[in-house]
Amino acid sequence: MSAEQVSSLCEQLVKAVTVIMDPASTQRYRLEALKFCEEFKEKCPICVPCGLKLAEKTQTAIVRHFGLQILEHVVKYRWNNMPRLEKVYLKNNVMGLISSGTQSILEEESHIKDVLSRIVVEMIKREWPQHWPDMLKELDTLSKQGETQTELVMFILLRLAEDVVTFQTLPTQRRRDIQQTLTQNMEKIFSFLLTTLQQNVNKYRRMKTDLAQQPKAQANCRVGIAALNTLAGYIDWVALSHITADNCKLLEMLCLLLNEPELQIGAAECLLIAVSRKGKLEDRKPLMVLFGDVAMHYILSAAQTADGEGLVEKHYVFLKRLCQVLCALGSQLCALLGSDSEVETPANFGKYLDSFLAFTTHPSQFLRSSTQITWGALFRHEVLSRDPLLLAMIPKYLRASMTNLVKVGFPSKTDSPSCEYSRFDFDSDEDFNAFFNSFRAQQGEVMRMACRLDSRTGFQMAGEWLKYQLTAPVDTGPMNSKTGEGLCSIFSPSFVQWDAMTFFSESVISQMFRTLDKDEIPVNDGIDLLQLVLNFETKDPLILSCVLTNVSALFPFVTYRPEYLPQVLSKLFASVTFEVVEESKFVVSVQAPRTRAVKNVRRHACSSIIKMCRDYPQLVLPNFEMLYNHVKQLLSNELLLTQMEKCALMEALVLISNQFKDYERQKAFLEELMAPVAGLWLSAEMQRVLSDPEAFISFVGADNKIADPIMEDPSGLNRSRISFCVYTILGVVKRARWPAAMEEAKAGGFLVGYLPSGSPIYRNPCTEQVLKLFDNLLALIRTHNNLYMPEMVAKLGETFAKALDMLEVEKNAILGLPQPLLELYDSPVYKTVLERMQGFFCTLYDNCFHILGNAGPSMQQDFYTVEGLASQLISSAFINLNNIPDYRLRPMLRVFVKPMVLSCPPEYYETLVCPMLGPLFTYLHMRLSQKWEVINQRSILCEDDAADDNPESQEMLEEQLVRLLTREVMDLITVCCVAKRGAEHNSSVAVDGDDDEAMATDVTPPASAELTELGKCLMKQEDVCTALMITAYASLSWKDTLSCQRTTTQLCWPLLKQVLPGNLLPDAVSWFFTSVLKGLQIHGQHDGCMAALVHLAFQIYEALRPRYAELKVVMEQIPDIQRDSLEQFDSKLLNPTLQKVADKRRKDHFKRLITGCIGKPLGEQFRKEVHIRNLPSLFKKVKPSLETDVLETNEDGEDLTVLFEP
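Residues numbered from 1 in each chain as written. Predicted model: local features only at pLDDT ≥ 70, side-chain atom pairs only at ≥ 80, totals over all residues. Heavy atoms only, no water.

## Brief notes about the overall build of the protein chain
Line of reasoning, step 1. Across its full length, the protein chain carries 59 helices and 2 strands.
Line of reasoning, step 2. In terms of overall dimensions, the protein chain has a C-alpha envelope of 105 × 75 × 65 Å along the principal axes.
Line of reasoning, step 3. Per-residue burial for the protein chain yields a buried fraction of 54% across its 1206 residues.
Line of reasoning, step 4. In the protein chain, the proportion of contacts linking residues at least 24 apart, taken out of those at least 6 apart, comes to 77%.
Line of reasoning, step 5. Just so you have it, the protein chain exposes about 54000 Å², and 53% of that area is on carbon and sulfur atoms.
Line of reasoning, step 6. Each charge class in the protein chain was averaged separately, 125 positive and 148 negative side chains, and the resulting centres sit 2 Å apart. (Helix = DSSP H or I, 4+ residues; strand = E, 2+ residues; numbered from the N terminus. Buried < 20%, exposed > 50% of the residue type's maximum accessible area, 1.4 Å probe, protein only. Contact = heavy atoms within 4.5 Å. Areas by Shrake-Rupley, 256 points an atom, 1.4 Å probe, with all protein chains shown as cover. Lys, Arg positive; Asp, Glu negative; His and termini not counted. Charge placed at Lys NZ, Arg CZ, Asp CG, Glu CD.)

As structure tokens, then:
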């Protein structure tokens, strides 16, 4: 084609590119220009001459970049169809561009260098080594021309390693060819990289001080940086021998460069990658050279220099890298020492520890946290943990932790040197807060490990710090708390110190009791500290909360001196009724809500009492009367405690009563304890209120219009009475138990007989009391469910129209929105009567179901044999489910249905569980299908941008709730039918697990995925069986990846296997198989899901294809399926006489067949495919010995057409 045509086309292209890049262009004009350029790249036969013309040095950078993009496009998409001569022409011209077609190294734009190196790499990927054996020689020749070319060669080598080894973006055979050839030439490549680095660094050092030579020095520096970046791309995967060759020359050079400001970050990166290498211990031994005098000297002096120059981002990034290098060195040492590799503790180990400690005491919180894992590894190590140098480090480490536990360094503040660093590392205070909390937990772990080696030092330090805090004056800092004048907020200097000290003493003391023998415990010191804490008085709720934690931490000392127990109890009881405002008479205190800090102290005191009674019941038993009288006194004033606090104290009493080990005595006590509740709960008025929704709404005050929604709450007392009853029933059901030892249970009158299997049957002393109240509880649940009926919602008063809605806190938790920091402690707990009402309904609903969930494990056969229990539950808990929102249905399934089913003995499956679960599962499937249909419709509609009065945040919330409900339902079905019971299930991932939680790619279902007895029982009933199967398989195409993966791996196959022996309808079989393929279409883009679904589809096809030809019909509908390949697969499957191919190969074949229906990520759906052809096999059957150069062995030219002559 003539030169004029090329010129005129290029002019048009230049105009088009100018329009595209001009910010002033109109959108229409820009789109037309874009379309013209894209069509040119796709269709024009003269792309190569045009691209080369546009890439000339005389053009502007934007036009040159576009010209080079055209050439890249040609290589990627047209290479396979180009004539040989055109390929040679293009390759020679591209090499010419590198040689003389770019500006000098300091002037050329980085995006031009980048695209030029990409073109060369794309050609290498298609032709090297078979058709272009001299590629490396050519690059070597180019690099001799000067810095500009050398830098481009570095870019090419780095890009090649990334594409072939790191990202593996080419077909397997080509990848293997190139990687093997790279490996064989690695010695040359490495010495080339090292020589380039050394020569350029030497020149740079010589010339950098001479002003006249400045540009030349800069050019050498650029090449040095490029060489380091390229090395970083290779050090990760080449044989370790290259890194440690020549007495670790590379490592030595890298250490030297740590003190060269322009090159130090690149050098540190390379060093980090080298030191982090895994592999055979023997090969890693030479890395210990970094503990030598020279290396240590360079590393430490570089750290000191970088730190001495104040906070400059570049230096700070370098410090982080150096810190990582020291951490990785520590890990290597731990791996090598004590293994059989004859490595000894390095002479410089002490120096290493000192420098490591310097990072742990650096002002940057991020650097401090980076060192923790390595400290932990050192303290745990079998050899090093006995090393006197490390043992001498423990007090210093603990001293550093005392500073590091103090929560300072918020990026928005200036009250600590850490703040400045935090502004580099964290976007917001919330961000920092989340980081600090996990950092602190990590420190706790490491401190406990240190104290395992030296408990006394830790305890001594904790004691000193505690004594200091008890005598230090309170400093509230500039911000006053909303709780009251002169009190701490969570940012006050005094509180952050108290908080850190408390965490320290708790970690250290708990570890001491685990480590030391009984007679080694410093009891006198501990009791002295406890007395100081008990005598300390404060009116500050935040500090008091810390004091209570210290009481709990020191409490184990009381087991040695029980006479101190009454003092501890008095301290805790005084805190249960803690108020900031002394004068507040009780009537007012109901109105004026307490702040979170005050509420926390009271709750803290209650839980400390419960914990003490749970963990040390024998110790508390002798003081039972004193405890009981305390509680009676507090309960006598109805307004003194909240319902939750009253219930907590009653729970503590119940826990101690379990120690009576006498059925009659405990039963009498529980009867006395619950008498006030029974009186209230069974009264005629309460019975009327609990069984009639309208009366209930009126009784709790939800039908009123309230003039002053903050102060006025006339029905508060009625609500609290209902709450009190429900809390108490729950507390008793949860805590009352028979003795664990069978002999004691028998002696105390708890044993009533034995099951046929020989296991004992016990009775719970609370059964009689609780069952007396059971009817009204079911009535309340029925009433509560009926409140959601539209006619009842209409009866709510104006103030309370949203009383049944979710609390804001719950919404934020579901949407993953962080809580603002300060509000957590300072705001009053409920701001308005509406929020109090919402809280009441929410807690009441949850607690009622908690009672039902705990009733089975607690009362066992006495509960399961309640007359007509199934129908009673169906007519209360499962009534009006259609109107009950997702956020109420979730807790019902989790806290009631799941525990009840799991604890139910098999003899009640037929009478209780099946009649309940059958209709429930059928209903849940219908409900979820409808919900997902709405969501799918919505995503189709949203493309038309339908204006809706449903705001986006509300839609997101609804969608997330449907997701969480789906997980809850699938989890319930799995637990009932498949999962092993007990331990495994309690540890299963929280159902609200994060969406991004790492998808397991392990897909073979657990070997034990057999159906449980209950599963078999449910599957016997046709309607239940249908509901379970349809829910499990339909859920595979609902848009929740987590649920899909769990269901695929745990549930689908065991359910189907159960019905295989029966006669399945062909339509049903097709539907199951199609559902799995649909799941692949939607979730195929996620590796974990894809692998699990392919495995399931394969299992179904293999098991059912011989009986159902319909499955082949489904397969034939898969887009782009290869019919002959399917026939081949089928014939092997259907011919039992043929020898079976290995499972993996059959599965791979099957996966290739169904590729057409595996969904791709959005980013790949419209991507143009790149096809790289395989070249003639590089290696003959006999592998050439490693020394011979593969290029020479294959250069006979007969079977390898040498395409690229130099």
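## Quick word on the nonpolar core
Line of reasoning, step 1. Counting 380 residues, the largest nonpolar core has W375, F696, Y1033 and L1056 as the members making the most contacts within it.
Line of reasoning, step 2. What W375 contacts, discounting residues up to four positions off in sequence, is L353, F356, L357, T360, L390, M393, Y397 and V446. (Core = buried A, V, L, I, M, F, W, Y, C linked by side-chain atoms within 4.5 Å.)

## Points about the packing of aromatic side chains
Line of reasoning, step 1. Applying the stated criterion across every chain yields a total of 46 aromatic pairs.
Line of reasoning, step 2. Summarising the aromatic geometry, the rings of W932 and W1038 are spaced 6.2 Å apart at their centres and angled 15° between planes, so their arrangement reads as stacked. Separated by 106 residues along the polypeptide, W932 in helix α47 (residues 909–941) and W1038 in the loop between α51 (1022–1034) and α52 (1041–1059) bring together distant segments of the chain. Accessibility assignment for this pair places W932 and W1038 in one class, buried.
Line of reasoning, step 3. Seen in terms of ring centroids, W1071 and F1072 are 5.6 Å apart; in terms of plane orientation they differ by 65°. Their pairing is edge-to-face. (Phe/Tyr/Trp six-rings, centres within 6.5 Å; stacked < 30°, edge-to-face > 60°.)

## Let's talk about unusual backbone geometry
Line of reasoning, step 1. In this structure, the amide linkage connecting W128 to the following residue, P129, adopts the cis form with an omega of 0°.
Line of reasoning, step 2. Mapping P129 onto the fold places it in the loop between α6 (110–127) and α7 (135–143).
Line of reasoning, step 3. Within the chain, K661 stands out as a residue other than glycine whose phi angle is a positive 55°.
Line of reasoning, step 4. Turning to its location among the elements, K661 is positioned in the loop between α32 (643–657) and α33 (663–681).
Line of reasoning, step 5. In the Ramachandran plot, N880 falls in the positive-phi region, its phi being about 60° despite a non-glycine side chain.

## Section: the confidence of the model for the protein chain
Line of reasoning, step 1. Per-residue pLDDT for the protein chain has a mean of 89; in total, 91% of the residues score no lower than 70.
Line of reasoning, step 2. For the stretch residues 583–591, pLDDT sits under 50, and the model shows 9 contacts to residues farther than four places along the chain or on other chains.
Line of reasoning, step 3. Of the regions scoring below 50 in pLDDT, residues 981–1007 engages in 52 contacts with residues more than four places distant in sequence or in other chains. (pLDDT = per-residue confidence, 0-100.)

## A few points about the environment of G279
Line of reasoning, step 1. Considering the arrangement of structural elements, one finds G279 in the loop between α13 (264–275) and α14 (281–284).
Line of reasoning, step 2. Take G279: its relative accessible area is 42%, and that puts it in the partly exposed class.
Line of reasoning, step 3. Remark: the alpha-carbon pair of G279 and C327, spanning 48 residues in sequence, is separated by 18 Å.

## Observations concerning the packing of helix α20 (residues 388–404) against helix α23 (residues 455–471)
Line of reasoning, step 1. Orientation of α20 relative to α23, taken along the N-to-C sense of each, is 35°, at an axis distance of 10 Å. Crossing of α20 over α23 shows right-handed handedness. Facing α20, whose interface residues are P395, L398, R399 and M402, α23 presents T457, G458, M461, E464 and W465.
Line of reasoning, step 2. Looking at the contact of α20 with α23, its residues break down into 5 nonpolar, 2 polar and 2 charged. (Axes fitted to C-alpha atoms, helices over the stretch in contact; angles between N-to-C directions. Left-handed = near helix turned anticlockwise from the far one by under 90°. Nonpolar A, V, L, I, M, F, W, Y, C, P; charged D, E, K, R; others polar.)

## A closer look at the pairing of strand β1 (residues 751–754)
Line of reasoning, step 1. The sheet contact formed by β1 and strand β2 (residues 760–762) spans 3 bridges and is antiparallel. The partner of Y754 across the bridge, within β2, is P760.
Line of reasoning, step 2. Two successive antiparallel strands, β1 and β2, enclose a turn made up of 5 residues, where G758 displays a positive phi of approximately 100°. (Pairing = 2+ DSSP bridges.)

## Section: helix α54 (residues 1087–1104)
Line of reasoning, step 1. Taking 1.5 Å per residue, 18 residues should reach 26 Å; α54 reaches 26 Å between its end C-alpha atoms and fits that length.
Line of reasoning, step 2. The buried count for α54 comes to 15 of 18 residues, which makes it a mostly enclosed element. (Expected span 1.5 Å × (residues − 1).)

## Let's talk about the side chain of K407
Line of reasoning, step 1. Tracing the sequence through the fold places K407 in the loop between α20 and α21 (418–425).
Line of reasoning, step 2. Buried within the structure, K407 lacks any salt-bridge partner; its nearest side chain of opposite charge belongs to D499, at an N-O separation of 5.8 Å.
Line of reasoning, step 3. In this structure the side chain of K407 is engaged in a polar contact, spanning 2.6 Å, whose partner is the side chain of N433.
Line of reasoning, step 4. When sequence neighbours within four positions are dropped, the list of residues in contact with K407 reads N433, F436, N437, R440 and V496. (Salt bridge = Lys/Arg side-chain N within 4 Å of Asp/Glu carboxyl O. Polar contact = N/O pair within 3.5 Å; in protein donor to acceptor, adjacent residues only side chain to side chain.)

## Regarding the pattern of salt bridges
Line of reasoning, step 1. According to the stated counting rule, one finds 53 salt bridges in the structure shown.
Line of reasoning, step 2. One salt bridge connects E1169 with K1160, and the closest N-O pair in it is separated by 3.6 Å.
Line of reasoning, step 3. Residue E1169 is classed as partly exposed on the basis of its relative accessible area, which comes to 47%.
Line of reasoning, step 4. Bridged by salt links that share partners, the residues E122, K125, R126, R159 and D163 form one connected network.

## Description of the side chain of T1049
Line of reasoning, step 1. Looking at where T1049 falls in the secondary structure, it is placed in helix α52.
Line of reasoning, step 2. For T1049, a relative accessible area of 12% gives the class buried.
Line of reasoning, step 3. In this structure the side chain of T1049 is engaged in a polar contact, spanning 3.2 Å, whose partner is the backbone oxygen of R1046.

## A word on helix α5 (residues 84–100)
Line of reasoning, step 1. Compared with the 24 Å implied by 1.5 Å per residue over 17 residues, the 24 Å span of α5 between its first and last C-alpha is a close match.
Line of reasoning, step 2. Among all positions of α5, only K87, V88, L90, K91, V94, M95, L97 and I98 are buried.

## Here we look at the packing of helix α53 (residues 1066–1083) against α54
Line of reasoning, step 1. Packing of α53 against α54 brings their axes to within 9 Å, and their N-to-C directions diverge by 160°. When the interaxial angle is binned, α53 and α54 end up roughly antiparallel. Remark: the crossing between α53 and α54 carries left-handed chirality. Facing V1069, F1073, V1076, G1079, L1080 and H1083 of α53, the residues of α54 in contact are C1089, M1090, L1093, V1094, L1096, A1097, I1100, Y1101 and L1104.
Line of reasoning, step 2. Taken together, the residues of the contact of α53 with α54 break down into 13 nonpolar, 2 polar and no charged. (Parallel < 35°, antiparallel > 145°, perpendicular 65-115°, else oblique.)

## Digging into the environment of D846
Line of reasoning, step 1. Counting through the fold element by element, D846 comes out in helix α43 (residues 833–859).
Line of reasoning, step 2. Since its relative accessible area comes to 24%, D846 is described here as partly exposed.
Line of reasoning, step 3. Distance from D846 to L1028, taken between C-alpha atoms, is 26 Å for residues 182 residues apart in sequence.
Line of reasoning, step 4. Aside from chain neighbours lying at most four places away, what touches D846 is P891 and V895.

## Considering the environment of N433
Line of reasoning, step 1. Summarising the element assignment, N433 is placed in helix α22 (residues 429–453).
Line of reasoning, step 2. Through-space distance from the C-alpha of N433 to that of Q59 is 52 Å; in sequence the pair is 374 residues apart.

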